[in-house]
Amino acid sequence: MKAHPHHSVISLVKEGVFVKCLAPMVRFSRLPFRVLSRRWGCDVAYSPMVMMESFHQSQKARDADLTSAPFDRPLVIQFAGHDPVVFAECFKMVCTQCDGVDLNCGCPETWVNGQGDGSALLNKPEVVADMIRQAVMSIPAGGARTGGRGEKEGEGEGEGEGRGEGAAGAGGRGEEEGEGEEMKNVMECAPVSMKMRIRKDLRETVEIAQRAQAAGVSWICVHGRTKQQNDSEPVNLEAIKAVKEAVSVPVIGNGGLMNMRGVERMREETGVDGVMAANGLLKNPAMFLGYESTPSDCIHDWMDLSCKLGMPFQFQHRHTSWMCWSGHPGGAAKRAEFNNCKSMSSAIDYLRSNIPPPSQLALQMFNNIDAKWSQSTSSSTPSSSSSTIMSSQL
């Protein structure tokens with residue numbers, strides 16, 4: 001269940017992979033769930049949306065907003081904001097520690113749009129293009145935009161050791177070492193991408209995508225709904241197809257994907273290079289492997305990861321509730337019972353009584369991971385950063 005290690009969307013597409021992505025979700029696409037998603041079928045996982053202004057200004061915000069680890073790859077870090085200079089600075093802070101830096105042009109939340117961020121940026125395509133251009137131009141001359149960390153032998157594995165949190169090195173690693181050899185290859189490590197919603201006018205949707213491509217974006221994710229539409233409304237596959245046909249960079253389709261039938265339909269009707277799912281993966285992290293509901297081994301894997309990597313109980317509990325009983329007969333009653341569990345220990349006891357035990361294959365996987373973590377952490381010096389989980393490789 002391993003993902004393609006240390007690859008960007010660009011390099012995966014070049015290798016002929018139909019790329020499957022975990023969407024950026026505030027509060028929920030955190031480290032443990034990103035690791036789980038890759039183990040159960042995702043190729044690339046996005047961070048939660050990070051507000052670039054606070055991230056740029058505050059170390060405290062960086063530590064709170066973005067927890068990662070060397071084995072948390074392939075990782076795309078998504079920023080929301082509207083200042084081209086700040087976006088470029090944030091890009092430089094994280095570009096050596098991830099496999100892509102994404103500009104959020106799709107969040108429909110009122111509080112985000114009220115600041116001129118998220119899908120509100122679609123009203124200003126010239127600003128979107130300038131933000132992408134500023135990030136791309138922040139790389140010193142000679143930076144190759146091939147987008148493939150995995151394309152150069154030996155890249156990625158060694159660089160991950162001891163790096164830890166995606167923002168732990170923030171504070172201007174790009175500025176301090178920008179003239180060095182590492183920064184010459186930054187665009188291989190972290191291309192700039194964009195996630196957008198569609199406009200009511202299809203021509204405006206296509207124009208935004210084309211402007212982004214001209215500015216240097218490496219791939220575009222298109223959610224096939226407008227910012228006014230909710231999740232219950234149908235996805236406009238024709239709009240996604242129009243963007244795919246209008247640009248030469250890879251296009252990732254997004255919206256309403258709850259099973260592999262929906263994935264195959266989107267692929268066939270739009271010609272996209274990959275897909276991105278949010279709610280579908282929350283309810284079934286093994287969706288991309290063809291499971292109709294979350295297998296019990298995946299639930300045990302989730303409990304193991306969330307305990308070892310750390311996650312607030314309220315979020316761990318909600319993840320588990322979605323995974324276990326979404327769409328199951330009698331699921332509502334089971335969820336109500338599970339919601340009475342007020343601690344991790346009581347939740348574990350309930351699950352032991354209500355789902356099958358882990359298979360021998362799952363237990364072997366857990367033991368292998370524990371052995372790798374123990375071996376790696378015993379041979380490395382732990383970081384003093386509270387954001388660094390461990391210096392190890394899955």
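Note: the structure precedes this text.
Along each chain, numbering runs from 1 in the same order as the chain's sequence is written. In view of the model being predicted, local features appear only for residues whose pLDDT reaches at least 70, and side-chain atom pairs are presented and counted only at 80 or more, with totals across whole chains, interfaces and linings using the full set of residues. Only hydrogens and water are set aside when side-chain values are computed; all heavy atoms of the structure are taken into account.

Colleague: Explain the overall build of the protein to me, using residue names and the numbers behind them.
Modeller: If you tally the helices and strands in the protein, you get 20 helices and nine strands. A total of 394 residues make up the protein; the buried ones form 57% of that total. Once local pairs closer than 6 in sequence are excluded, the contacts in the protein between residues at least 24 apart make up 73%. When the accessible surface of the protein is totalled, it reaches about 15,900 Å², and 50% of it is carbon and sulfur. Under the DSSP-based scheme used, a helix requires at least four consecutive residues in state H or I and a strand at least two consecutive residues in state E, with every element numbered from the N terminus. Think of it in three bands: residues with accessible area under 20% of the maximum for their type are buried, residues over 50% are exposed, and the middle band is partly exposed, with areas taken using a 1.4 Å probe on protein chains only. Any two residues whose heavy atoms approach within 4.5 Å are treated as being in contact. Only the protein chains shown count as covering a residue, and every accessible area follows the Shrake-Rupley method with a 1.4 Å probe.

Colleague: I'd love a proper account of the pattern of salt bridges, names of residues and values included.
Modeller: Whenever Lys or Arg places a side-chain nitrogen within 4 Å of a carboxyl oxygen from Asp or Glu, that contact is recorded as a salt bridge. Summed over all chains, the structure comprises 16 salt bridges. One salt bridge connects D72 with R38, and the closest N-O pair in it is separated by 2.8 Å. Residue D72 is found in the loop between α4 (59-65) and β4 (75-80), and its partner R38 is found in helix α2 (residues 31-39); the two are separated by 34 residues along the sequence. For the pair shown, D72 and R38 are each scored as buried. Between D130 and R133 there is a salt bridge, with its nearest N and O atoms 3.7 Å apart. Here R133 and D130 lie together in helix α7 (residues 125-137), a separation of three residues that amounts to about one turn. By relative accessible area, D130 is classed as partly exposed at 26%. Here the salt bridges do not stand alone but share partners, grouping R34, R38 and D72 into one network.

Colleague: So, the packing of aromatic side chains: which residues are in play, and what are the values?
Modeller: How two aromatic rings sit relative to each other is given by the distance of their centres and the angle of their planes. To pair, rings of Phe, Tyr and Trp, with the six-membered ring standing in for Trp, must have centres within 6.5 Å; the planes then decide the type, stacked if under 30 degrees apart, edge-to-face if over 60, and tilted in the middle. Considering all chains together, one arrives at six aromatic pairs under this definition. The interplanar angle of 65 degrees and the centroid separation of 6.3 Å between the aromatic rings of W40 and Y291 together place this pair among those described as edge-to-face. Remark: Y291 occurs in the loop between α15 (279-283) and α16 (296-309) and W40 occurs in the loop between α2 and β2 (44-46); sequence separation between them is 251 residues. Note on Y291: relative accessible area 36%, which makes it partly exposed. An angle of 50 degrees between the planes, with centres 5.8 Å apart, marks the rings of F338 and Y350 as tilted. Note that F338 is positioned in helix α18 (residues 331-338) and Y350 in helix α19 (residues 344-354), a separation of 12 residues in sequence. In terms of burial, F338 and Y350 fall into one category: buried. Here the aromatic cluster, defined as three or more aromatic residues joined through ring pairs, consists of F28, F315 and W322.

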